[in-house]
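# Chains, contacts and geometry: an overview
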Amino acid sequence: MGCKMNAAVSFLRRLSLFVLVSSLCSCPCRAEDSAMENIVTEKKAEESHRQDSADLLVFILLLTLTILTIWLFKHRRFRFLHETGLAMIYGLLVGVVLRYAIHVPSDMNNVTLSCNVNASPATLLVNVSGKFYEYTLKGQISANDVDDIQDNEMLRKVTFDPEVFFNILLPPIIFHAGYSLKQRHFFRNLGSILAYAFVGTVVSCFIIGLFMYGCVMLMKQIGHLGGDFFFTDCLFFGAIVSATDPVTVLAIFNELQVDADLYALLFGESVLNDAVAVVLSSSIVAYQPEGDNTHTFEAMAMLKSFGIFLGVFSGSFALGVATGVVTALISFNFTKLRDFPLLETALFFLMSWSTFLLAEACGFTGVVAVLFCGMTQAHYTFNNLSPESQDRTKQLFELLNFLAENFIFSYMGLTLFTFHNHVFNPIFIVGAFLAVFLGRAANIYPLSFLLNLGRRNKISSNFQHMMMFAGLRGAMTFALSIRDTATYARQMMFSTTLLVVFFTVWICGGGTTQMLGLFNIGPDGVERRSTKHESAWFFRIWYNFDHNYLKPILTHSGPPLNATLPACCGPLARCLTSPQAYENEEQLKDSDSDLILNDGDITLSYGDVTVSTDAAGAHTSGTPVGGVAVNSDEALDRELAFGDHELVIRGTRLVLPMDDSEPPLPLDSHRHRHKNETMS
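Note that this is a predicted model, so its numbers are computed, not measured.

Let us now look at the packing of helix 10 (residues 260–285) against helix 16 (residues 461–469). Here helix 10 crosses helix 16 at 35°, and the two axes come no closer than 11 Å. In terms of crossing hand, the pair formed by helix 10 and helix 16 is right-handed. Contacts between helix 10 and helix 16 involve L262, L265, L266 and E269 from the first element and F463, M466 and M467 from the second. Across the contact of helix 10 with helix 16, the residue classes tally to six nonpolar, no polar and one charged.

Burial of strand 2 (residues 131–136) is sparse: only zero of the six residues sit out of reach of the surface. Direction of pairing for strand 1 (residues 123–128) relative to strand 2: antiparallel, over a ladder of six bridges. By the bridge assignment, N127 is partnered in strand 2 with F132. Between strand 1 and strand 2, which pair antiparallel and follow one another directly, the connecting turn spans two residues, one of which, S129, has a positive phi of 55°.

Bringing the environment of L63 into the picture now. Positionally, L63 belongs in helix 1 (residues 2–76). Assessed through its relative accessible area of 14%, L63 is described here as buried. For the pair L63 and L86, spaced 23 residues apart in the sequence, the C-alpha separation amounts to 9.9 Å. When sequence neighbours within four positions are dropped, the list of residues in contact with L63 reads L403, N406, F407 and S410.

Within the chain, residue pLDDT values average 76, and 71% of them lie at 70 or more. Of all helices and strands in the chain, the one with the weakest mean pLDDT is strand 6 (residues 646–649) (37), whereas helix 15 (residues 426–452) scores best (95). pLDDT under 50 marks residues 1–5. Its contacts with residues more than four places away, or in other chains, come to zero contacts. A low-confidence stretch, residues 586–680 stays under pLDDT 50, and its non-local contacts, those more than four residues away or across chains, total 153 contacts.

Moving on, we get to the environment of K551. Tracing the sequence through the fold places K551 in helix 20 (residues 537–554). When the C-alpha positions of K551 and Y380 are compared, they lie 7.1 Å apart, and in sequence the two are 171 residues distant.

On the surface, V202, F206, F297 and M302 cluster together into a nonpolar patch covering about 380 Å² of accessible area. Residue classification places F206 among the partly exposed positions, given a relative accessible area of 33%.

Turning to the pattern of salt bridges, a few remarks are in order. Using the criterion set out here, one finds six salt bridges in the structure. For the salt bridge of R188 with D261, the shortest nitrogen-to-oxygen distance reads 2.9 Å. Linking R188 in helix 6 (residues 183–188) with D261 in helix 10, this pair joins segments that are 73 residues apart in sequence. Each of the two residues, R188 as well as D261, counts as buried. Measuring nitrogen to oxygen at the nearest pair gives 3.0 Å for the salt bridge that ties R490 to D484. What makes R490 buried here is its relative accessible area of 13%.

Right, let's get into the nonpolar core. Within the largest apolar cluster, 125 residues are counted, with the highest numbers of intra-cluster contacts made by M212, F237, F253, M412, F428, M466 and F478. In terms of residue count, the dominant contributor to this core is helix 10 (13 residues). Excluding its chain neighbours within four sequence positions, the residues that come into contact with F478 are F165, I408, Y411, M412, T415, F494 and L498.

Another point: the packing of aromatic side chains. For the coordinates displayed, the defined rule picks out 29 aromatic pairs. Summarising the aromatic geometry, the rings of Y179 and F348 are spaced 5.4 Å apart at their centres and angled 55° between planes, so their arrangement reads as tilted. With Y179 in helix 5 (residues 162–179) and F348 in helix 12 (residues 341–361), this residue pair connects regions lying 169 residues apart in the sequence. Accessibility assignment for this pair places Y179 and F348 in one class, buried. Here F198 and F313 contribute two aromatic rings whose centre-to-centre distance is 5.2 Å and whose plane-to-plane angle is 70°, an arrangement assigned as edge-to-face. In this pair, F198 sits in helix 7 (residues 190–221) while F313 sits in helix 11 (residues 299–334), placing the two residues 115 residues apart along the sequence. Its relative accessible area of 26% is what places F198 among the partly exposed residues. Among the aromatic residues, those joined into a ring-pair cluster are F59, F165, F407, Y411, F419, F478 and F494. Across the ring face of F166, the terminal group of R483 is positioned such that the distance to the ring centre comes to 3.8 Å. Sitting over the ring of F236, R490 keeps its end group 4.0 Å from the ring centre.

Rules and cut-offs
- What you see as residue numbers is a count from 1 along each chain, following the sequence as written.
- In keeping with the model being predicted, local features are shown solely for residues with a pLDDT of at least 70 and side-chain atom pairs are shown and tallied solely at 80 or more, while totals for entire chains, interfaces and linings include all residues.
- Just so you know, side-chain values use all the structure's heavy atoms and leave hydrogens and water out.
- Angular values range over 0 to 180 degrees, each being the angle between N-to-C directions of two axes fitted as lines to C-alpha atoms, with helices fitted over their stretch in contact.
- Only DSSP runs of H or I reaching four residues or more are called helices, and only runs of E reaching two or more are called strands; each is numbered from the N terminus.
- Crossing handedness is defined as follows: a turn of the near helix away from the far one that is anticlockwise and smaller than a right angle gives a left-handed crossing, while the clockwise case is right-handed.
- Between two residues, a contact is recorded if the distance between any of their heavy atoms is within 4.5 Å.
- Residues are grouped as follows: Ala, Val, Leu, Ile, Met, Phe, Trp, Tyr, Cys and Pro are nonpolar; Asp, Glu, Lys and Arg are charged; all remaining types, including Gly, are polar.
- The buried label goes to any residue with under 20% of its type's maximum accessible area, the exposed label to any with over 50%, and the partly exposed label to all in between, with areas taken from a 1.4 Å probe on protein chains only.
- Paired strands are those between which DSSP finds at least two bridges.
- Scored between 0 and 100, pLDDT is the confidence that the predictor attaches to each residue.
- In this scheme, patches are assembled from residues that exceed 30% relative accessible area and form no salt bridge. Like charges are connected within 9 Å, while nonpolar side chains (Val, Leu, Ile, Met, Phe, Trp, Tyr) are connected within 5 Å.
- Values of accessible area rely on a 1.4 Å probe in the Shrake-Rupley scheme; residue burial ignores everything except the protein chains shown.
- Basic side-chain nitrogens of Lys or Arg form a salt bridge, by our definition, when they fall within 4 Å of a carboxyl oxygen of Asp or Glu.
- The criterion is simple. A nonpolar core is a set of buried Ala, Val, Leu, Ile, Met, Phe, Trp, Tyr and Cys residues joined through side-chain atoms within 4.5 Å.
- Each pair of aromatic rings taken from Phe, Tyr and Trp, with Trp reduced to its six-membered ring, is defined by centres within 6.5 Å and is described as stacked if the planes are under 30 degrees apart, edge-to-face if over 60, and tilted in the remaining cases.
- By definition, being over a ring means that NZ of Lys or CZ of Arg is both within 6 Å of the ring centre and within 35 degrees of the ring normal.

See below:
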């Protein structure tokens, strides 16, 4: 028994020694392999970092080249090609070079394995020799492009996540549109702008959708359709290409000083119809009939989508306005940020950007929210900012808008060659161009006819032709189309959308100057100011409420509340009115006061001539200069057109700022001439 025990102990000792020796021999090998693997990983990370830097450098050089070419064009006064068209051309050239001239060797570590799963997981854990690695889903590719994907690492690097456009590049563009909106011309044409933006966009969407569905049916009959393409897909395509972006035309309009009303109609329509197109496209995606067939027509599902449209738009609108009001209150009384312009500008910037992200996080549409946030902040918050912050915010968002817009157009040109899943179908492309033309025509001409029935200042036929021609597609159409390219239908829509944007920016944008000459649309003449009868009744009511109550509460402008509220509300009025409002009472400035020059009783004083107007008309009282009789209507027109005048509304004295570039008053020269004759 003892011998057996001794033998067992001896065996265990030998076994332990063998295990120890084996482990000592194997540990250096494993450690060496692990060290080599870490070195390889670090090298790959360094190479990836260099590649990413080179890719970003490509876009920086694109923007730099675009800016230098813009300077050359402005210096030479070339108007046949806008900066966005230049950016697309440079993007196309770089895309060609990356696609065909630069070859990145295939990475031999890329391995294609087959795995049978029911769905594509967003995150995949792979066990490689006992080590787990995490992989994220990039998207679906066709079987024919597998080898091409492995051999074009650089092309994949310059392809951005579509969420980058929505969360980073779009917000400053949309906010700048609302923040820089010329309120006087916008509200003077508010009814027409709303009609074009809401009714016109919906009409255009359905006309394009119906026309494209006919093209899809034709493609299906002749066997040119390679996948599913439903009517809802056609409506979605109609919604995204109904978003206009006439940035090229508006830039030329601004340079040539074209009619202010035409500029306001085009700019106002493009600003609002972008928001409408975003909500409309999301409502179409949300269309979900009951049953197995999710693409059949069902009245209840359509009503539900319509309800989603109204709910999302109104919720986004309310959220944007609320954020703008909160920013105005923060900069009004609750803080003394005016003493620190840098902090004030930083808070303004962050509050503006957070509006977009908050709306998206809440299930609303950030485009609508940030648009109306910009309009609200321009109306209220801007008046509370320090002069330094006012200049900084204007310049900051103007710069961000310029860079973001040109970056997007450069990327458009690049994606024509770097996107891997293009589907170009000649029938669908030709049909899309015809459908876009018909949809734009159905938007402009019938609505203009109906609007002219109630407008005193008619939209002329030449203006209508110009609006028809200026329906360019741009950043919003591209961003909506690239956001989802997972299916065959969405890939075909994205490829066709690129061609539509290229054509409208290059051909329509480049021919703007020639079309202005063809339609005899020259520089704007004497600026016309609205009167009571020409202003919308709703806006007159809103203006009085805003001027008398909201402006004094949210800003340092507007009359003190003790002048507009009943006497019994005196303590409340003194509590809500800022001290600056009392200081500015004698020289009150209101950015909207020139929108409505008649409201009950208005008196305008110029020198020795006093022009009083009411709802019935106008009359002149006072002593004419030099005994020269002045017709009341002519005097009123001259005062409204040129003179620096004072506006008295319900006891409140308003000094209306006029542009320094306005021509001298004809009546003024007549007075000087008469004085010279009298002295002689």
